[in-house]
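Coordinates in review
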Amino acid sequence: MFQRFVPLMFLLFPVTLMAQQINPENDAAALVAVFRDAMYLQRIDDDELYRDFRILRADLGDLALTEQQKAFWMAEASYYMARGFQALDTVGEVLDQDDDLRRGKFKKLQKSYSRLDDIIALYEESMDLAEASMADGRNARSVRLYVECLSQLSTLKTLGFLMSNGPKIQPLAEEAVSLNPDDPKARMILASRYVYSPSIWGGDPDRGIAMLEEIKALGGLDREDRHNAAVGIGFAHTMAGRWDEAIPYFREALTFYPGNIYAAAMLELSEAGGQ
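Overview of the structure. The model shown is predicted, which means the values in this text are computed figures rather than measured ones. (Residues numbered from 1 in each chain as written. Predicted model: local features only at pLDDT ≥ 70, side-chain atom pairs only at ≥ 80, totals over all residues. Heavy atoms only, no water.)

Turning to the nonpolar core, a few remarks are in order. Grouped burial of nonpolar side chains is what soluble globular proteins tend to show. Core analysis: the biggest nonpolar cluster contains 78 residues, and Leu-60 and Tyr-123 have the highest contact counts within it. Here the element with the most residues in this core is helix α4 (residues 67-86); it accounts for 10 residues. With sequence-adjacent residues up to four places away left out, Tyr-123 is seen in contact with Tyr-79, Ala-82, Arg-83, Gln-86, Cys-149, Gln-152, Leu-153 and Leu-156. (Core = buried A, V, L, I, M, F, W, Y, C linked by side-chain atoms within 4.5 Å. Buried < 20%, exposed > 50% of the residue type's maximum accessible area, 1.4 Å probe, protein only. Helix = DSSP H or I, 4+ residues; strand = E, 2+ residues; numbered from the N terminus. Contact = heavy atoms within 4.5 Å.)

Okay, the side chain of Gln-97 next. Secondary-structure assignment places Gln-97 in helix α5 (residues 91-102). We classify Gln-97 as buried; its relative accessible area is 14%. A distance of 3.2 Å separates polar atoms of two side chains, one belonging to Gln-97 and the other to Tyr-113. Sequence-distant contacts of Gln-97, defined by excluding residues within four places in its chain, comprise Leu-88, Leu-109, Ser-112 and Tyr-113. (Polar contact = N/O pair within 3.5 Å; in protein donor to acceptor, adjacent residues only side chain to side chain.)

Looking at the secondary structure, you find Asn-23 in the loop between α1 (2-21) and α2 (24-41). Assessed through its relative accessible area of 32%, Asn-23 is described here as partly exposed. Sequence-wise, Asn-23 and Gln-152 are 129 residues apart; in three dimensions their C-alpha atoms are separated by 31 Å.

Under the definition given, this model contains 8 aromatic pairs. With a centroid separation of 4.9 Å and an interplanar angle of 80°, the aromatic rings of Phe-72 and Trp-73 are classed as edge-to-face. The buried category is assigned to Trp-73, whose relative accessible area is 9%. On the numbers, 5.9 Å between centres and 55° between planes, the contact of Tyr-79 with Tyr-123 is tilted. (Phe/Tyr/Trp six-rings, centres within 6.5 Å; stacked < 30°, edge-to-face > 60°.)

As structure tokens, this is what we get:
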């Protein structure tokens, strides 16, 4: 029995190794998720996050990915690094920026970012990589990532850029959803228009809430999706002046990323009735 088992074990060993290496995208997704979660948790400063970003890019480069796969995951890494630089460090800074956002003062909002040029460069890099990842054909995740970056850049760059590119956001988000109707991140882009925009620019809090509730009902949401859905519903309630109804959603968001400064600031603002 033992004599039969030994050669069988050695036959199975390389098969096991091959199985582990058969889908390096799983490894890429796991590496990016760890980095993404660190960004949301905000337990390290920007310099340390950027160091982790450089390590992440090196690790992604070592995986046996196709060129298109590598371009996508590098694009994801750049996107989350840009988000990391965008994240404000104190509740007070978030509350000041929130006031500017609600008033549509985007120029003043831009000045709140100390690394605006770096943020823009990272989003542009992510867009270029997302485009490169579609060399073999358009796909939902790459279109969605491209439009996420475009949406961010539309509030970070010039008014001319917004006027030229803003109208592209909705059709691109709709394309991403058409390519994969079950992609929660793509559907959240469509919902965000109604959640975060003032009513004069098409905001509709109740419609946004309904869309986010539909997304939550899809199932298959990751940690980021659940956090963002909770924040979005909470924010929509604040836009409708329902501060008390917003409170449980910001508390829920903090269960996914405890210590997230944005969610903590919105909770504080809601508990104060928006004052």
